[in-house]
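What the coordinates show
Chain by chain, the residues run as shown.
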Amino acid sequence: MAGTTEGDPRPVPQRLLAAATRLFAEQGYDRTSVQEIVEAAGVTKGALYHYFGSKDDLLHEIYGRVLRLQQERLDAFAGADAPVAERLRGAAADVVVTTIENLDDATIFFRSMHHLGPEKHRQVRAERRRYHERFRELIEEGQRTGVFSTATPADLVVDYHFGSVHHLGTWYRPDGPLSPQQVADHLADLLLRALRP
C-alpha cells in the first residue's frame, strides 16, 4: 500500500489522525463517521482499517501521542541532575505547554474518553496513572527532603495541578492575552507556592 497520495505528502496514518482530530474537534467524536474521516484524509476505508482497527483506535492514538510525548519529557525532567524544586517546576510548566500545543487532541480526548472500549479505557487510565505517579514522586521527594511542605498530601497536590491542566481546553484561546509559556509559568509558580514550607 502506498504511503502517500497525490497532493498530501504525509504518510497515510498521519493524514488519518489529522483528519480525525479536526473532525472530532469540529463535530464531536460521536457525530463523526468513518466515511467522513477517510474522505477528509483522501484515503479509502481499507487504508484506515489497515492502520487503525476502528474509530476508537483513532481516538486512543490522538491522546496516546500527546501522553507519550509528555511522559518522555516528564521522565527527562525527573531524571535530570538538578534540585527537586527546579525539576518539579520544569515538569509542571512543560505539561501545560505541551497540553496547549496539542489542545485539540487533549480536549477531544477528555470530552470523548467515555467512548473508548473497556480495554482501551483501562490502557489509557494505566498510562495516565503512570504519568501522575511519576509527577507525584517528585513532590514526595521534595517533601521527604524538607524542600516542600508536607501539610498537603502529595496526591492532592497532583490533583490540584492536573485539574488546572485538564480545564485548559475550556478557557485557553491562542489569541488571548497570555502565551502558552506565560500560562505555564503562572500555573507552575502557583504549584510551587502551594508547596512552600
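Residues numbered from 1 in each chain as written. Predicted model: local features only at pLDDT ≥ 70, side-chain atom pairs only at ≥ 80, totals over all residues. Heavy atoms only, no water.

1. Here's the deal with the confidence of the model for the protein
As a general rule, the predicted coordinates of low-pLDDT regions are not to be interpreted in detail. Selection criterion: The predictor attaches a confidence to each residue, and that confidence, scored 0 to 100, is pLDDT. Note on definitions: a residue-residue contact is assigned when non-hydrogen atoms from the two residues lie within 4.5 Å.
In the predicted model, the protein carries a mean pLDDT of 91, and 96% of its residues have values of at least 70. Within the model, pLDDT remains below 50 along residues 1–5, and this stretch shows 15 contacts once partners closer than five positions in the same chain are excluded.

2. Some points on empty space enclosed by the protein
This is how it is decided: In this analysis, the protein atoms alone were mapped onto a 1 Å grid. Cavities are point sets where a 1.4 Å probe fits without being able to get out; pockets are open sets with protein on both sides within 12 Å along at least five of seven lines; lining residues have an atom within 4 Å of a point. Grid points are joined across faces, edges and corners, and a volume is the space filled by probe spheres set on the points. By the criteria applied, helices consist of DSSP H or I runs no shorter than four residues and strands consist of E runs no shorter than two, each listed in order from the N terminus. Basically, the charged four are Asp, Glu, Lys and Arg, the nonpolar ten are Ala, Val, Leu, Ile, Met, Phe, Trp, Tyr, Cys and Pro, and anything else, Gly included, counts as polar.
For the structure on display, the rule yields 2 cavities of 30 Å³ or more. Within this model, the largest cavity holds a volume of roughly 110 Å³. Elements that contribute at least two residues to the lining of the largest cavity include exactly helix 4 (55–79), helix 5 (84–101), helix 6 (103–112), helix 7 (118–144) and helix 8 (154–166). Counting residues per element, the lining of the largest cavity draws most heavily on helix 4, which supplies 4 residues. When the residues that make up the lining of the largest cavity are grouped by side-chain class, the tally is 9 nonpolar, 4 polar and 1 charged. The space that makes up the second largest cavity amounts to roughly 30 Å³.

3. Section: the packing of helix 7 against helix 8
To be explicit about the condition: Here, axes are lines fitted to C-alpha atoms. For helices the fit covers the stretch in contact, and angles between N-to-C directions go from 0 to 180 degrees. Should an angle fall under 35 degrees it is taken as roughly parallel, and over 145 as roughly antiparallel, whereas 65 to 115 is taken as roughly perpendicular and any remaining angle as oblique. Working rule for handedness: look at the near helix, and if it is turned counterclockwise from the far one by less than a right angle, call the crossing left-handed; if clockwise, right-handed.
It is at 9 Å that the axes of helix 7 and helix 8 come closest, and there the two elements cross at 130°. For the element pair helix 7 / helix 8, the angle class is oblique. Note on packing geometry: the crossing formed by helix 7 with helix 8 is right-handed. Judged by residue contacts, Arg-128, Tyr-131, His-132, Phe-135, Arg-136, Ile-139, Glu-140 and Gln-143 of helix 7 engage Ala-154, Asp-155, Val-157, Val-158, His-161, Phe-162 and His-166 from helix 8. Class assignment for the residues of the contact of helix 7 with helix 8 results in 7 nonpolar, 4 polar and 4 charged.

4. Quick look at the UniProt feature "DNA-binding region" (unreviewed entry) in the protein
Heads up, the rule is: UniProt positions are given in the numbering used here, feature names are shortened, and annotations may be inferred rather than shown by experiment.
Under the UniProt annotation, "DNA-binding region" (unreviewed entry) lies at residues 33–52. For the annotated span residues 33–52, helix accounts for 75% and strand for 0% of the residues, and the straight-line distance between the end C-alpha atoms is 14 Å.

5. So, the pattern of salt bridges
The condition is simple: Criterion for a salt bridge: a side-chain nitrogen of Lys or Arg within 4 Å of a carboxyl oxygen of Asp or Glu.
Here the structure, examined in full by the defined rule, presents 15 salt bridges. A salt bridge links Lys-120 to Asp-57; its shortest N-O distance comes to 2.5 Å. Linking Lys-120 in helix 7 with Asp-57 in helix 4, this pair joins segments that are 63 residues apart in sequence. Glu-61 serves as the salt-bridge partner of Arg-68, at 2.5 Å between the closest nitrogen and oxygen. Each of Asp-75, Arg-130, Arg-134 and Glu-137 takes part in one network of salt bridges that share partners.

6. Things to note about the packing of helix 5 against helix 7
Viewed as axis vectors pointing N to C, helix 5 and helix 7 meet at an angle of 150°, and their least axial separation amounts to 9 Å. By the angle class used here, helix 5 and helix 7 are roughly antiparallel. Two packed elements cross with a definite hand, and for helix 5 against helix 7 that hand is left-handed. Here Val-84, Arg-87, Leu-88, Ala-91, Ala-92 and Val-95 of helix 5 lie close against helix 7, whose contacting residues are Tyr-131, Phe-135, Leu-138, Ile-139, Glu-141 and Gly-142. Considering only residue class, the contact of helix 5 with helix 7 consists of 9 nonpolar, 1 polar and 2 charged.

7. Some thoughts on the layout of surface pockets
Each pocket or cavity is described by its volume, and for the largest pocket that value is around 250 Å³. In terms of lining residues, the largest pocket is bounded by Met-113, Arg-125, Arg-128, Arg-129, His-132, Glu-133, Arg-136, Asp-155, Val-158 and Asp-159. Secondary-structure elements contributing two or more residues to the lining of the largest pocket are helix 7 and helix 8. Grouping the constituent residues of the lining of the largest pocket by class yields 2 nonpolar, 1 polar and 7 charged.

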